[in-house]
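Listed below are the residues making up each chain.
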Amino acid sequence: PPLKVRATHPDCSIVLYFQEQEAKCLEIIRSESQMPAHPGRPGQQGCLTEWDGVSCWSAVPVGQSRAVTCPNILHIFKKSKALIQRNCTESGWSFPSPPYYNACELEAIGSNNDTEAKASYFVTMKVLYTCGYSTSLAALFLAVGIFSCFRKLYCTRNFIHIHFFTSFILRGAAVFIKDAVLFSDESIDHCTMSTVNCKAAITFFQYSVLANFYWLLVEGMYLQTLLLLTFTSDKRYIWWYILIGWGVPMLTVCVWVVTRLQYDNHGCWDDYTSLYWWVIKAPILLAIFVNFLIFLNVTRMLAQKIRSPGISKNYKQQYMRLTKSTLLLIPLFGVHYVVFALFPEHIGVDARLYFELVLGSYQGFLVALLYCFLNGEVQAEIKRNWGKWQSSMESNVFNLATQDFTA
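Residues numbered from 1 in each chain as written. Predicted model: local features only at pLDDT ≥ 70, side-chain atom pairs only at ≥ 80, totals over all residues. Heavy atoms only, no water.

1. Description of the overall build of the chain
What the chain contains, in helices and strands, is 12 helices and 7 strands. Across the 407 residues of the chain, 37% fall into the buried class. Partitioning the intrachain contacts of the chain with sequence separation of at least 6 by distance along the chain shows that 68% fall at a separation of at least 24. (Helix = DSSP H or I, 4+ residues; strand = E, 2+ residues; numbered from the N terminus. Buried < 20%, exposed > 50% of the residue type's maximum accessible area, 1.4 Å probe, protein only. Contact = heavy atoms within 4.5 Å.)

2. Here we look at the environment of S33
Mapped onto the secondary structure, S33 falls in helix α1 (residues 10–33). For S33, a relative accessible area of 38% gives the class partly exposed. Separated by 16 residues in the primary sequence, S33 and T49 place their C-alpha atoms 9.8 Å from one another. Within the local environment of S33, its side chain forms a polar contact with the backbone oxygen of R30, the two atoms lying 2.5 Å apart. (Polar contact = N/O pair within 3.5 Å; in protein donor to acceptor, adjacent residues only side chain to side chain.)

3. Concerning the packing of helix α4 (residues 156–183) against helix α11 (residues 363–373)
One way to put it is that α4 packs onto α11 with a least axis distance of 10 Å and a crossing angle of 165 degrees. Relative to α11, the element α4 lies roughly antiparallel. By crossing handedness, the relation of α4 to α11 is classed as left-handed. On the side of α4, the interface is formed by H161, F164, F165 and F168, while α11 contributes Q363, G364, V367, A368, Y371 and C372. In the contact of α4 with α11, the residues fall into 7 nonpolar, 3 polar and no charged. (Axes fitted to C-alpha atoms, helices over the stretch in contact; angles between N-to-C directions. Parallel < 35°, antiparallel > 145°, perpendicular 65-115°, else oblique. Left-handed = near helix turned anticlockwise from the far one by under 90°. Nonpolar A, V, L, I, M, F, W, Y, C, P; charged D, E, K, R; others polar.)

4. A few points about the state of the cysteines
Evaluation of the coordinates by the stated rule reveals 4 disulfides. C47 shares a disulfide with C88; S-S distance 2.1 Å. Torsion about the S-S bond of the C47 and C88 cystine: about 100 degrees, corresponding to right-handed handedness. Note that C47 is positioned in strand β1 (residues 46–47) and C88 in strand β6 (residues 83–89), a separation of 41 residues in sequence. Classification of C88 by relative accessible area gives buried; the value is 2%. (Disulfide = S-S within 2.5 Å.)

5. Considering the pattern of salt bridges
Within the structure shown, the criterion is met by 5 salt bridges. In this structure, R30 and E27 form a salt bridge, with 2.8 Å as the shortest nitrogen-oxygen distance. Of the two residues, R30 and E27 are both situated in helix α1; the distance of 3 residues between them amounts to about one turn of the helix. Looking at R30, the relative accessible area reads 45%, which means it is partly exposed. (Salt bridge = Lys/Arg side-chain N within 4 Å of Asp/Glu carboxyl O.)

6. Quick look at the UniProt feature "transmembrane region" (unreviewed entry) in the chain
Annotation from UniProt places "transmembrane region" (unreviewed entry) at residues 127–147, 159–177, 213–231, 238–258, 278–298, 326–347 and 353–374. The span residues 127–147 is 100% helix and 0% strand, and its two end C-alpha atoms sit 30 Å from each other. For residues 159–177, helix accounts for 100% and strand for 0%, while the C-alpha atoms at its two ends are 27 Å apart. (UniProt positions renumbered as here; feature names shortened; annotations may be inferred.)

7. Some words on the packing of helix α5 (residues 196–228) against helix α7 (residues 278–307)
Where α5 contacts α7, the two axes come as close as 9 Å, and the packing angle between them is 20 degrees. Here α5 lies roughly parallel to α7, going by the angle between them. The two elements α5 and α7 cross, and the hand of that crossing is left-handed. A breakdown of the residues in the contact of α5 with α7 according to their chemical character gives 21 nonpolar, 5 polar and 1 charged.

Okay, structure coming up:
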């Protein structure tokens, strides 16, 4: 069947296609070399099976010929019924007739301006998501520091937030590590790159993405638990949350690594065309859709509580604040990922890249902003400690001045 170039890097798909064809041809050559009689052995005049860099030519006796068609690669070669022929002579294989460049016509490719525009586009994308992840990492580290420093902020809710922030930190760090390993050296052939460092970077990246999605799920589960338990938290659930947030991704990634090592250990494991990619993709889709259902259920429960005549005005205001926060948390629940969840990887690549790289890179900053910097409890604690620090400083200055005066 025609090769459908639908990986993240289409050029690599072409390279891998020819590598697979060459591997099959070399396997035929090895098997023929072990046979007791075939063209090329004593008493058997003929041409051996040969790979010419494009096609595999099967062994034939002298005086016969072989014919092949152009490589059937979608979007690279135009469909052509022309045959390329080679004859087996006493001196070996003849040259292909007609030559590949005459028989196989390439599809029209973009001009140099198009190529430069695409290169500029990807450079711009990288600059944008680098700025986004840098901003998010700075905000997330500050938010974790705030929750860790003030003892009055120690509670189950903020403990979950810290883990959630950590998953975003790991995801941002994984992006930078992946870029450094895969694209730091332009002389490296990324299509055939298959080093331990490369695979380790991709594995860490996949774990970080999975952990991020599952701590996103934990945040949704915790919000639903708060509503069901009438804002009464239960610390017994915290270990289940940790098991879901860190344990499920670890188990999934371990299964994926073992699967790739056993059945698909080629390249840098960064291709999304392999069937084994579903080992990672299926749990992510599960987390997304469960979170979406939780979001709908939370919205339904909040609407019921707000409309209830038995709720006091203070509780209604509290529910209204939760409703507004929930509506702001739509991107955090991964709802926008649902748009791309069921589409193949090659559809809407530009929009997918924009949402997942550019907008996704600022998601950590948005999380820190909503859960920490705009949190009234956090703001009050910072003001209280700032006031205590100012009073302490003024007291120290007064004591020093008094000591100098009395001395």
